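Topology and contacts: notes
What follows is each chain in one-letter form.
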Amino acid sequence: MFDKIVLASGNAGKLKEFSRLFAERNIEILPQSQFGMSECPEPYSTFVENALAKARHAAKYSGLPALADDSGICANALGGAPGVLSARYAGADPKSDTANNAKLSADLADKADKSCYYVCVLVFLRHEHDPQPIISEGIWRGQWQQQASGSNGFGYDPHFFLPEHVCTAAELTPEVKNAVSHRGSALQKLLKKIQAAM
């Protein structure tokens, strides 16, 4: 087994969530910034291709097993947009959660269908040339809420309304969010697959 994994992300919110989830298994999550590596390009149109590229990049430059997450929000009325462009939907220089949320709110303002869903694809590589990546996916369905609510979470969470919880993702406690979110679901599946493969 292993006790350290490099996370192929510079996102502080993701680092915090993964660190909390893996701490229960005595596995330390190290940010890719600790190894001085550059951000990996994400040129692909699918979550799985981008996650695989990021994991391979992180494993190569760290020499450690690598975990990559490619995730985003998809609005049904917009044909799945923002999708893989979620982090830079309103532009990449600089990336801004506030600007992204404002753009998606504007794009959905005149749409009757406010249904949307979060997608998380996780890719785990034992090493850079791992011929059998371990891949899992989680989906979390909700409704877009024009008015932001809540201060937990990050990204689109303040607008992602969950009818079954009668609140937004940003109003959930971290414990509840980790249990029901797209990332939590994908991670539970991934851990089972890792354990079965080791």
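Structure: see above.
Below is a summary of the structure that appears in this document. Keep in mind that what you see is a predicted model, and the values were worked out from it rather than measured. (Residues numbered from 1 in each chain as written. Predicted model: local features only at pLDDT ≥ 70, side-chain atom pairs only at ≥ 80, totals over all residues. Heavy atoms only, no water.)

**Brief notes about the nonpolar core**
Defined as follows: We define the nonpolar core as a collection of buried residues of types Ala, Val, Leu, Ile, Met, Phe, Trp, Tyr and Cys that are connected through side-chain atoms lying within 4.5 Å of one another. Think of it in three bands: residues with accessible area under 20% of the maximum for their type are buried, residues over 50% are exposed, and the middle band is partly exposed, with areas taken using a 1.4 Å probe on protein chains only. We count a stretch as a helix when DSSP gives it H or I for four or more residues in a row; a strand needs E for two or more, and each element gets its number in order from the N terminus. Contacts are assigned to residue pairs that have any heavy atoms within 4.5 Å of one another.
By size, the foremost hydrophobic cluster in this structure holds 18 residues, and its most contacted members are Ile5, Phe18, Phe22, Leu67, Leu122, Leu187 and Leu190. Among the elements of the structure, strand E1 (4-7), helix H1 (12-23), strand E4 (115-125) and helix H5 (182-197) are those that each provide at least two residues to this core. By residue number, the principal contributor to this core is H5, which donates five residues. Look past the residues within four positions of Leu187 in its chain and what remains in contact with it is Phe18, Leu21, Phe22 and Leu122. Formed by 17 residues, the second largest nonpolar core is a distinct cluster that contains Ala58, Ala66, Cys74 and Val123.

**Some thoughts on the pairing of strand E5 (residues 134-144)**
So the rule is basically this: Strands qualify as paired when DSSP identifies two bridges or more between them.
Relative to E5, E4 is paired through 10 bridges, and the arrangement is antiparallel. Looking across to E5, one finds that Val121 is bridged to Glu137. Relative to strand E6 (residues 160-162), E5 runs antiparallel, the two sharing two bridges. By the bridge assignment for E6, Gln143 is matched with Phe161.

**Some remarks on the sheet that holds strand E2 (residues 28-31)**
Picture the strands of a sheet paired through backbone hydrogen bonds; they go either parallel or antiparallel. What counts here: The angle between two axes is taken between their N-to-C directions and runs from 0 to 180 degrees, where each axis is a line fitted to C-alpha atoms and a helix contributes only its stretch in contact.
Sheet architecture is open: seven strands sit in the order E2-E1-E3-E4-E5-E6-E7, paired in mixed fashion. On the outer flanks of this sheet lie E2 and strand E7 (167-168), each paired with one strand and no other. Examined bridge by bridge, E1 and E2 share four bridges and lie parallel to one another. Among the inter-strand pairings, Val6 is bridged to a residue of E2, identified as Leu30. The sheet contacts of helix H2 (residues 47-62) involve E1, strand E3 (66-75), E4 and E5, and relative to E3 the element is tilted by about 155°. Where helix H3 (residues 97-108) meets the sheet, it contacts E3 and E5, and its direction lies at approximately 60° from that of E5.

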